[in-house]
Amino acid sequence: MDLNPRQSTLIDAVRSQGPVTIEALAERFGVTLQTVRRDVQRLAEAGLLTRFHGGVRLPGSTTENIAYRQRQAMQSAGKLRIAKAMAQRIPNGCSLIMNIGTTIEAVAHELHNHRGLRIITNNLHIAALMSTHRDCEVIVAGGLVRGSDQGIVGEATVDFIRQFKVDIGLIGISGIEADGTLRDYDYREVKVARTIIEHAREVWLAADHSKFNRPAMVELGHLRDIDVLFTDEAPPASFTDLMTQAHVECVTAALQ
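From a predicted model like this one, the values you see are computed outputs, not experimental measurements.

**Comments concerning the packing of aromatic side chains**
Working definition: an aromatic ring pair is given by the centre-to-centre distance plus the angle between the planes.
No. 1: Under the criterion given, the structure shown has 3 aromatic pairs.
No. 2: With a centroid separation of 5.4 Å and 45° between ring planes, the pair formed by Trp204 and Phe230 is classed as tilted. With Trp204 in strand β12 (residues 200–206) and Phe230 in strand β14 (residues 228–231), this residue pair connects regions lying 26 residues apart in the sequence.
No. 3: For Trp204, a relative accessible area of 3% puts it in the buried group.

In structure tokens form, the structure reads like this:
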């Protein structure tokens, strides 16, 4: 679903506060209880929130990511802005590793005018899309195909990626904690992402604003492990300070 601004802010409020009552949301947004109930109903039907008696909370936990199709729908406008900003910075004739993630897939859609790219990916969606590009070479990593999102993971994937040293590694993330720790849900995916970081001359991270202060179980790394972070809204001030200390360039793909 395409979220309106109030619905996006509602999800952000639940993410930052935890479980919250319908009454508290109505008071916060200055709307009626019926309006909030309609928003919550739509968001629950889309799998973006979970209802309980008198309130609402985020689905899932630190151990399980939101389903792939739901993640595609979440923050779609912000992801598109991030994708366009990242694609504009990618030069022709360079080598890339593109990993699993709906925002990184959005970047692939924005590379249709690029020339001379060599792309290594463990994402079958990206491989299928970029294989139709006449001036792009696509190399697909081996390993276990994860049925939930067509990502390729496992030790074979890690060994495959270790053969290469690329110009830019493009990675997504599930959450960035308050101390700058990067986290995700699947330890197999995390091992692949760590290998990408080690085998890229520059590492670019895509993280829409909902990823800040979002918990996940497996530690991937730290902000200091990346070179550029692309996001769709100005990060909280505490994260700006962390990125400054870690010498990370932050690109905010704000609304035009």
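Once the structure has been displayed, the description carries forward.
**Brief notes about helix α9 (residues 187–198)**
No. 1: Relative to the 16 Å expected for 12 residues at 1.5 Å per residue, α9 spans 17 Å between its end C-alpha atoms, a close match to the ideal helical length.
No. 2: Of all the positions in α9, only Glu189, Val190, Val192, Ala193, Thr195, Ile196 and Ile197 are classed as buried.
No. 3: Measuring from the side-chain oxygen of the N-cap residue of α9 to the backbone nitrogen of Arg188 gives 2.8 Å; that N-cap residue is Asp186.

**Some details on the sheet that holds strand β3 (residues 55–57)**
No. 1: Spatially, the 3 strands line up as an open sheet ordered β1-β3-β2, and their pairing is antiparallel. Either end of the sheet is taken by a strand with one partner, and the two such strands are β1 (20–21) and β2 (50–52).
No. 2: The sheet contact formed by β2 and β3 spans 3 bridges and is antiparallel. Within β3, the residue paired with Arg51 across the bridge is Val56.

**Overview of the UniProt feature "domain: HTH deoR-type" (unreviewed entry) in the protein chain**
No. 1: Those residues carrying the UniProt feature "domain: HTH deoR-type" (unreviewed entry) are residues 3–58 in this numbering.
No. 2: The span residues 3–58 carries 61% helix and 14% strand; its end-to-end C-alpha distance comes to 16 Å.

**Describing unusual backbone geometry**
No. 1: The backbone of Asn213 shows a phi angle near 65°, a positive value even though the residue is not glycine.
No. 2: Tracing the chain through its elements places Asn213 in the loop between β12 and β13 (218–222).
No. 3: Unusually for a residue other than glycine, His247 sits at a positive phi of about 60°.
No. 4: Tracing the sequence through the fold places His247 in the loop between α10 (237–245) and β15 (249–252).

**What to know about the packing of helix α1 (residues 5–17) against helix α2 (residues 22–29)**
No. 1: Where α1 contacts α2, the two axes come as close as 12 Å, and the packing angle between them is 125°. In this view, α1 runs oblique relative to α2, as classed from their interaxial angle. The way α1 lies across α2 gives a crossing that is right-handed. Taking contact as the criterion, the partners of Arg6, Thr9, Leu10, Ala13 and Gln17 in α1 are, on α2, Leu25, Arg28 and Phe29.
No. 2: When grouped by side-chain class, the residues that make up the contact of α1 with α2 number 4 nonpolar, 2 polar and 2 charged.

**Comments concerning the sheet that holds strand β5 (residues 117–121)**
No. 1: Spatial strand order, β6-β5-β4-β9-β12-β14-β15: 7 strands in an open sheet with parallel pairing. Because the sheet does not close on itself, it has two edges, and the strands there are β6 (136–140) and β15. Geometrically, the sheet is characterised by an average inter-axis angle of 20° between neighbouring strands, direction not taken into account.
No. 2: For strand β9 (residues 166–172) and β12, the ladder comprises 6 bridges, and the chain directions are parallel. Opposite Ile171, over in β12, you have Leu205 as the bridge partner.
No. 3: This element, helix α6 (residues 102–109), spans β4 (95–98), β9 and β12 of the sheet and lies at about 130° to β9.
No. 4: Most of the contacts of α9 go to β12, to which it runs at about 130°, and overall it touches β4, β9 and β12.

Cut-off values and rules
- Residues numbered from 1 in each chain as written.
- Predicted model: local features only at pLDDT ≥ 70, side-chain atom pairs only at ≥ 80, totals over all residues.
- Heavy atoms only, no water.
- Phe/Tyr/Trp six-rings, centres within 6.5 Å; stacked < 30°, edge-to-face > 60°.
- Helix = DSSP H or I, 4+ residues; strand = E, 2+ residues; numbered from the N terminus.
- Buried < 20%, exposed > 50% of the residue type's maximum accessible area, 1.4 Å probe, protein only.
- Expected span 1.5 Å × (residues − 1).
- Polar contact = N/O pair within 3.5 Å; in protein donor to acceptor, adjacent residues only side chain to side chain.
- Pairing = 2+ DSSP bridges.
- UniProt positions renumbered as here; feature names shortened; annotations may be inferred.
- Axes fitted to C-alpha atoms, helices over the stretch in contact; angles between N-to-C directions.
- Parallel < 35°, antiparallel > 145°, perpendicular 65-115°, else oblique.
- Left-handed = near helix turned anticlockwise from the far one by under 90°.
- Contact = heavy atoms within 4.5 Å.
- Nonpolar A, V, L, I, M, F, W, Y, C, P; charged D, E, K, R; others polar.

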